Structure formats: structure tokens, C-alpha cells
Amino acid sequence: MNLNLSTKREFFLYGTVAILFILSLTAHFIISNLTPQNPVAEIYENGVLIGIYGLENELVNLNLDDRFEVQNGKIRVSYANCPDKICVNTGFIPNGIIPIICIPNKLEIRITSGLNSNNSAELDAIVK
Ligand SMILES: [Zn+2]
């Protein structure tokens, strides 16, 4: 009876350690993907990629009513003609965790790794 209980405890302990280990590996993988090297801003309209910009430039000018501003590796929407201005109020985004989305204008700005954009696209395809 005592032996059985301690075996259960050991099993629980090792199981917990194993789960924590897997979780930390997953977190490491996600974080290293979200802080891309050589980051670029990808700008989508209607889900179609219309521009890729390195984050060293000062201003991004597309044939859009929206204006984008790049500063210190971050990008923001500085002006938009949409009614809700959620995209403008999102402010600067420094990484790929949160994209800027403008629902009325069907715009999305994402930061991804310029070097590994092909790899991550493949990875996404595999994950899906
Ligand atoms: Zn907007």
C-alpha cells in the first residue's frame, strides 16, 4: 500500500517534470519565432501581400490613403482614413506577436523575419 502510493507520487512527479520540460521547449520555440532576425514589415490588403519593408526606413509610402511610420525597428500606422482608427491607436508594433489590423480598410501589417520568411511559410503549412 505504501509502496503503491509512493510509486504514484513518483509517477506524478516525473510526469509534471516532463510536461514542464515540453512546455518550456514550446515556449522557447514560439518566442524565438516571434522575435525575428532581420525583421521586415509585411503589408497585406485583402489578404494579399502588397509590400515588404525593412524596418530601417523612415517612412513607408504605398498607393494607399494610410500612412506608415517606421522607427527603431518598429512600425505603426500614422494616418488612416478608416472610421474607427483602431489601426492608428494600436501604435508601434515591435515584433510578430500582435499585428496591426485595419478591418474597414482590410489592411494588415505583420512583422516577420526577412531571412526566414520562406521557412516560416513552410512551417505554417506543415502545422496547418
Ligand atoms: Zn484603420
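Residues numbered from 1 in each chain as written. Predicted model: local features only at pLDDT ≥ 70, side-chain atom pairs only at ≥ 80, totals over all residues.

Student: Honestly, the overall build of the protein chain in this entry has me stumped. Any pointers?
Tutor: From N to C terminus, the protein chain includes 3 helices and 7 strands. Overall, the protein chain shows an N-to-C arrangement of helices and strands of α-β-β-β-β-β-α-β-β-α. Across the 128 residues in the protein chain, those meeting the buried criterion constitute 12%. (Helix = DSSP H or I, 4+ residues; strand = E, 2+ residues; numbered from the N terminus. Buried ≥ 20, exposed ≤ 12 C-beta atoms within 10 Å, placed from the backbone.)

Student: Is there a simple way to think about the sheet that holds strand 7 (residues 107-113) in this case?
Tutor: Within a beta sheet, neighbouring strands are joined by backbone hydrogen bonds and run either parallel or antiparallel to one another. An order of 2-1-7-6 is seen for the 4 strands of this open sheet, with the pairing classed as antiparallel. If you trace the sheet from one side to the other, it starts and ends with strand 2 (48-54) and strand 6 (100-102), each paired once. On average, each strand axis in the sheet is tilted by 25° relative to the strand beside it, whichever way the strands run. Here strand 6 pairs with strand 7 via 3 bridges, running antiparallel. Among the inter-strand pairings, Ile-100 is bridged to a residue of strand 7, identified as Ile-109. (Pairing = 2+ DSSP bridges. Axes fitted to C-alpha atoms, helices over the stretch in contact; angles between N-to-C directions.)

Student: It is not clear to me how the pairing of strand 7 should be interpreted in this structure. Could you clarify?
Tutor: Bridge analysis of strand 1 (residues 39-45) against strand 7 gives 7 bridges, and the strand direction is antiparallel. Paired with Tyr-44 across the two strands is Glu-108, which belongs to strand 7. Taking the residues between adjacent antiparallel strands as the criterion, strand 6 and strand 7 are bridged by 4 residues, where Lys-106 takes a positive phi near 55°.

Student: In this structure, what is going on with unusual backbone geometry? I would like to understand it.
Tutor: Residues other than glycine predominantly adopt negative phi, and peptide bonds predominantly adopt the trans conformation. Although it is not a glycine, Asn-46 sits at a positive phi angle of roughly 55°. Within the secondary structure layout, Asn-46 lies in the loop between strand 1 and strand 2. For Asn-72, which is not glycine, the phi dihedral falls at a positive 50°. Residue placement: Asn-72 occurs in the loop between strand 4 (67-71) and strand 5 (74-79).

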